[in-house]
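# Survey of secondary and tertiary structure
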Amino acid sequence: MKTVAFILSSLMLAAAAHANEPAAAAAKPDLAKGGAISAQTCAACHTADGSRGSPANPILQGQHPEYLVKQLTEFKSGKRKNAIMSGMAAALTEEDMRNVAAFYAAKTAKPGFAKNKDTVALGEKIYRGGIADRNVPACAACHGPAGSGIPAQYPRIAGQHGDYIEAQMTAFRAGLRGNAPQMVAIAAKMNDKEIKAVSDYIAGLR
(Lines give C-alpha, C1' and ligand atoms only; values in the text may rest on other atoms or scores of the structure.)
Protein backbone atom coordinates (compact mmCIF):
# COMPACT_ATOMS: atom_id res chain seq x y z
CA MET A 1 0.00 0.00 0.00
CA LYS A 2 2.88 2.37 0.81
CA THR A 3 4.31 1.72 -2.66
CA VAL A 4 0.99 2.52 -4.34
CA ALA A 5 0.62 5.68 -2.25
CA PHE A 6 4.15 6.74 -3.14
CA ILE A 7 3.49 6.24 -6.87
CA LEU A 8 0.23 8.19 -6.72
CA SER A 9 1.90 10.99 -4.79
CA SER A 10 4.71 11.17 -7.34
CA LEU A 11 2.24 11.31 -10.22
CA MET A 12 0.29 14.11 -8.56
CA LEU A 13 3.45 16.13 -7.94
CA ALA A 14 4.54 15.65 -11.56
CA ALA A 15 1.13 16.74 -12.83
CA ALA A 16 1.17 19.82 -10.62
CA ALA A 17 4.64 20.77 -11.81
CA HIS A 18 3.58 20.36 -15.43
CA ALA A 19 0.50 22.49 -14.86
CA ASN A 20 2.67 25.32 -13.53
CA GLU A 21 4.96 25.32 -16.54
CA PRO A 22 4.53 28.38 -18.79
CA ALA A 23 2.56 27.74 -21.96
CA ALA A 24 4.67 27.30 -25.05
CA ALA A 25 5.07 30.58 -26.88
CA ALA A 26 3.41 30.88 -30.26
CA ALA A 27 5.78 30.55 -33.16
CA LYS A 28 7.29 33.86 -34.22
CA PRO A 29 5.75 35.14 -37.49
CA ASP A 30 7.84 34.53 -40.60
CA LEU A 31 8.14 37.84 -42.45
CA ALA A 32 9.60 36.19 -45.55
CA LYS A 33 6.59 33.90 -45.85
CA GLY A 34 4.32 36.86 -45.18
CA GLY A 35 5.99 38.77 -47.98
CA ALA A 36 5.47 35.85 -50.34
CA ILE A 37 1.75 35.71 -49.48
CA SER A 38 1.49 39.46 -50.01
CA ALA A 39 3.11 39.23 -53.44
CA GLN A 40 1.09 36.22 -54.57
CA THR A 41 -2.32 36.93 -53.05
CA CYS A 42 -2.67 40.54 -51.93
CA ALA A 43 -0.59 42.69 -54.28
CA ALA A 44 -3.22 43.16 -56.99
CA CYS A 45 -5.40 45.23 -54.64
CA HIS A 46 -3.08 46.32 -51.82
CA THR A 47 0.26 46.58 -53.69
CA ALA A 48 3.11 44.21 -52.81
CA ASP A 49 3.99 46.04 -49.60
CA GLY A 50 0.55 47.28 -48.53
CA SER A 51 1.32 50.91 -49.35
CA ARG A 52 -0.78 53.65 -50.93
CA GLY A 53 -2.63 51.77 -53.67
CA SER A 54 -6.19 52.43 -54.81
CA PRO A 55 -8.18 54.69 -52.43
CA ALA A 56 -10.93 52.06 -52.50
CA ASN A 57 -8.65 49.62 -50.65
CA PRO A 58 -7.05 50.13 -47.24
CA ILE A 59 -3.41 50.94 -46.66
CA LEU A 60 -2.02 47.99 -44.68
CA GLN A 61 1.47 49.25 -43.90
CA GLY A 62 2.00 49.85 -40.19
CA GLN A 63 -1.36 48.37 -39.21
CA HIS A 64 -1.53 46.43 -35.95
CA PRO A 65 -0.94 42.74 -36.79
CA GLU A 66 -3.57 41.60 -34.27
CA TYR A 67 -6.16 43.76 -35.99
CA LEU A 68 -5.25 42.43 -39.44
CA VAL A 69 -5.47 38.83 -38.21
CA LYS A 70 -8.88 39.57 -36.67
CA GLN A 71 -10.20 41.00 -39.94
CA LEU A 72 -8.85 38.14 -42.05
CA THR A 73 -10.34 35.63 -39.61
CA GLU A 74 -13.73 37.35 -39.82
CA PHE A 75 -13.62 37.54 -43.61
CA LYS A 76 -12.95 33.80 -43.63
CA SER A 77 -15.74 33.01 -41.16
CA GLY A 78 -18.22 35.33 -42.87
CA LYS A 79 -18.59 37.62 -39.86
CA ARG A 80 -17.28 40.46 -42.04
CA LYS A 81 -18.87 40.47 -45.47
CA ASN A 82 -16.85 41.08 -48.63
CA ALA A 83 -16.99 38.66 -51.55
CA ILE A 84 -13.44 39.33 -52.72
CA MET A 85 -11.80 39.26 -49.29
CA SER A 86 -13.78 36.23 -48.16
CA GLY A 87 -12.46 34.34 -51.17
CA MET A 88 -8.88 35.45 -50.51
CA ALA A 89 -9.01 34.68 -46.79
CA ALA A 90 -10.58 31.25 -47.35
CA ALA A 91 -7.27 29.89 -48.61
CA LEU A 92 -5.21 31.24 -45.68
CA THR A 93 -4.33 29.24 -42.58
CA GLU A 94 -3.99 30.89 -39.17
CA GLU A 95 -0.22 30.79 -39.63
CA ASP A 96 -0.53 32.44 -43.05
CA MET A 97 -2.62 35.21 -41.52
CA ARG A 98 -0.09 35.86 -38.74
CA ASN A 99 2.78 35.88 -41.23
CA VAL A 100 1.22 38.29 -43.72
CA ALA A 101 -0.11 40.53 -40.93
CA ALA A 102 3.36 40.74 -39.39
CA PHE A 103 4.84 41.53 -42.82
CA TYR A 104 2.57 44.56 -43.26
CA ALA A 105 2.92 45.66 -39.64
CA ALA A 106 6.70 45.79 -40.01
CA LYS A 107 6.38 48.45 -42.72
CA THR A 108 6.18 52.19 -42.09
CA ALA A 109 3.23 53.87 -43.76
CA LYS A 110 3.82 57.09 -45.67
CA PRO A 111 1.92 60.17 -44.41
CA GLY A 112 -1.36 60.97 -46.10
CA PHE A 113 -3.13 64.28 -46.63
CA ALA A 114 -6.60 65.79 -46.49
CA LYS A 115 -8.10 66.86 -49.81
CA ASN A 116 -10.81 69.33 -48.79
CA LYS A 117 -9.61 72.35 -46.80
CA ASP A 118 -13.20 73.54 -46.35
CA THR A 119 -14.16 70.60 -44.14
CA VAL A 120 -10.94 70.17 -42.12
CA ALA A 121 -12.24 72.18 -39.17
CA LEU A 122 -15.45 70.12 -38.95
CA GLY A 123 -13.49 66.88 -39.32
CA GLU A 124 -11.08 67.85 -36.57
CA LYS A 125 -13.93 68.90 -34.28
CA ILE A 126 -15.61 65.50 -34.65
CA TYR A 127 -12.37 63.55 -34.38
CA ARG A 128 -11.24 65.31 -31.20
CA GLY A 129 -14.54 66.22 -29.56
CA GLY A 130 -17.28 64.08 -31.09
CA ILE A 131 -20.83 65.38 -31.59
CA ALA A 132 -22.15 66.06 -28.11
CA ASP A 133 -25.82 66.64 -28.89
CA ARG A 134 -26.06 63.17 -30.48
CA ASN A 135 -23.77 61.35 -28.04
CA VAL A 136 -21.20 60.64 -30.75
CA PRO A 137 -17.89 60.09 -28.94
CA ALA A 138 -14.63 61.59 -30.12
CA CYS A 139 -12.79 59.30 -32.55
CA ALA A 140 -9.63 60.06 -30.57
CA ALA A 141 -11.11 58.34 -27.52
CA CYS A 142 -10.54 54.92 -29.12
CA HIS A 143 -8.18 55.57 -32.02
CA GLY A 144 -5.90 57.94 -30.10
CA PRO A 145 -5.02 61.62 -30.64
CA ALA A 146 -2.63 60.72 -33.46
CA GLY A 147 -4.81 57.95 -34.92
CA SER A 148 -2.46 55.17 -33.79
CA GLY A 149 -5.24 52.93 -32.43
CA ILE A 150 -4.94 50.11 -29.91
CA PRO A 151 -3.63 46.68 -31.00
CA ALA A 152 -6.37 44.07 -31.62
CA GLN A 153 -9.13 46.45 -30.53
CA TYR A 154 -8.94 49.57 -32.67
CA PRO A 155 -7.03 49.97 -35.95
CA ARG A 156 -4.42 52.53 -36.77
CA ILE A 157 -6.26 55.03 -39.00
CA ALA A 158 -3.86 57.97 -39.34
CA GLY A 159 -3.12 58.59 -43.00
CA GLN A 160 -5.61 56.00 -44.19
CA HIS A 161 -7.34 56.71 -47.50
CA GLY A 162 -10.21 59.09 -46.83
CA ASP A 163 -12.32 57.38 -49.48
CA TYR A 164 -11.86 54.03 -47.73
CA ILE A 165 -12.71 55.44 -44.29
CA GLU A 166 -15.83 57.09 -45.72
CA ALA A 167 -16.92 53.85 -47.41
CA GLN A 168 -16.51 51.87 -44.19
CA MET A 169 -18.38 54.45 -42.11
CA THR A 170 -21.20 54.42 -44.65
CA ALA A 171 -21.25 50.61 -44.58
CA PHE A 172 -21.44 50.61 -40.78
CA ARG A 173 -24.34 53.07 -40.91
CA ALA A 174 -26.22 51.03 -43.51
CA GLY A 175 -25.69 47.77 -41.61
CA LEU A 176 -23.58 46.33 -44.43
CA ARG A 177 -20.62 45.93 -42.10
CA GLY A 178 -21.45 44.60 -38.67
CA ASN A 179 -18.25 43.19 -37.19
CA ALA A 180 -17.72 46.25 -34.97
CA PRO A 181 -20.99 46.99 -33.10
CA GLN A 182 -19.64 50.18 -31.53
CA MET A 183 -18.91 51.62 -34.97
CA VAL A 184 -22.37 50.65 -36.22
CA ALA A 185 -23.89 52.62 -33.34
CA ILE A 186 -21.64 55.65 -33.90
CA ALA A 187 -22.05 55.83 -37.67
CA ALA A 188 -25.85 55.58 -37.33
CA LYS A 189 -25.86 59.02 -35.68
CA MET A 190 -23.76 60.78 -38.35
CA ASN A 191 -24.84 62.38 -41.61
CA ASP A 192 -23.02 62.27 -44.96
CA LYS A 193 -21.31 65.64 -44.46
CA GLU A 194 -19.95 64.65 -41.05
CA ILE A 195 -18.71 61.27 -42.26
CA LYS A 196 -17.00 62.84 -45.27
CA ALA A 197 -15.39 65.57 -43.17
CA VAL A 198 -13.95 63.32 -40.49
CA SER A 199 -12.82 60.74 -43.07
CA ASP A 200 -10.88 63.40 -44.98
CA TYR A 201 -9.40 64.76 -41.74
CA ILE A 202 -8.21 61.28 -40.77
CA ALA A 203 -6.47 60.95 -44.16
CA GLY A 204 -4.21 63.84 -43.22
CA LEU A 205 -3.74 62.86 -39.58
CA ARG A 206 -0.16 62.17 -38.53
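Anything mentioned here points back to the structure above.
First, a word on what this report is: a plain description of the structure on this page. (Residues numbered from 1 in each chain as written. Predicted model: local features only at pLDDT ≥ 70, side-chain atom pairs only at ≥ 80, totals over all residues. Heavy atoms only, no water.)

## Quick word on unusual backbone geometry
The cut-off we apply is this: Starting at the N terminus, helices and strands are each numbered in turn, a helix being any DSSP run of H or I of at least four residues and a strand any DSSP run of E of at least two. In this scheme, a residue with accessible area under 20% of its type's maximum is buried, one over 50% is exposed, and one in between is partly exposed, where area comes from a 1.4 Å probe on protein chains only.
Despite not being glycine, Thr-47 has its phi angle at roughly 70°, a positive value. Tracing the sequence through the fold places Thr-47 in the loop between helix H2 (31-46) and helix H3 (65-77). The phi angle at Asn-135 is positive, at roughly 55°, despite the residue not being glycine. Secondary-structure assignment places Asn-135 in the loop between helix H6 (120-129) and helix H7 (140-143). Overall, Asn-135 belongs to the exposed group, its relative accessible area being 62%.

## What to know about the side chain of Asn-179
Heads up, the rule is: In protein, a polar contact means a hydrogen-donor-capable atom and an acceptor-capable atom, both N or O and within 3.5 Å, with residues adjacent in sequence counting only if both atoms are side-chain atoms; elsewhere, any N or O pair within 3.5 Å suffices. Note on contacts: a residue pair is in contact if any heavy atoms of the two residues lie within 4.5 Å.
Topologically, Asn-179 is positioned in the loop between helix H8 (162-174) and helix H9 (181-187). Asn-179 gets classed as buried once you look at its relative accessible area, which sits at 4%. A polar atom in the side chain of Asn-179 sits 2.7 Å from the side chain of Glu-74. With near-sequence residues (within four places) excluded, Asn-179 lies in contact with Lys-70, Gln-71, Glu-74, Lys-79, Arg-80 and Phe-172.

## Comments concerning the packing of H2 against helix H5 (residues 94-105)
Stated precisely, the cut-off is as follows: Lines fitted to C-alpha atoms define the axes here, with helix axes fitted over just the stretch in contact, and angles between the N-to-C directions of these axes take values from 0 to 180 degrees. For classification purposes, angles smaller than 35 degrees are called roughly parallel, those larger than 145 roughly antiparallel, those between 65 and 115 roughly perpendicular, and all remaining angles oblique. Classes in brief: Ala, Val, Leu, Ile, Met, Phe, Trp, Tyr, Cys and Pro nonpolar; Asp, Glu, Lys and Arg charged; the others, Gly included, polar.
Relative to each other, H2 and H5 sit at 95°, their axes nearing to 7 Å. On the basis of the axis angle, H2 is roughly perpendicular to H5. Along the contact surface, H2 presents Leu-31, Lys-33, Gly-34, Gly-35, Ile-37, Ser-38 and Cys-42, while H5 presents Glu-95, Asp-96, Asn-99, Val-100, Ala-102, Phe-103 and Tyr-104. Of the residues contributing to the contact of H2 with H5, the split by class is seven nonpolar, four polar and three charged.

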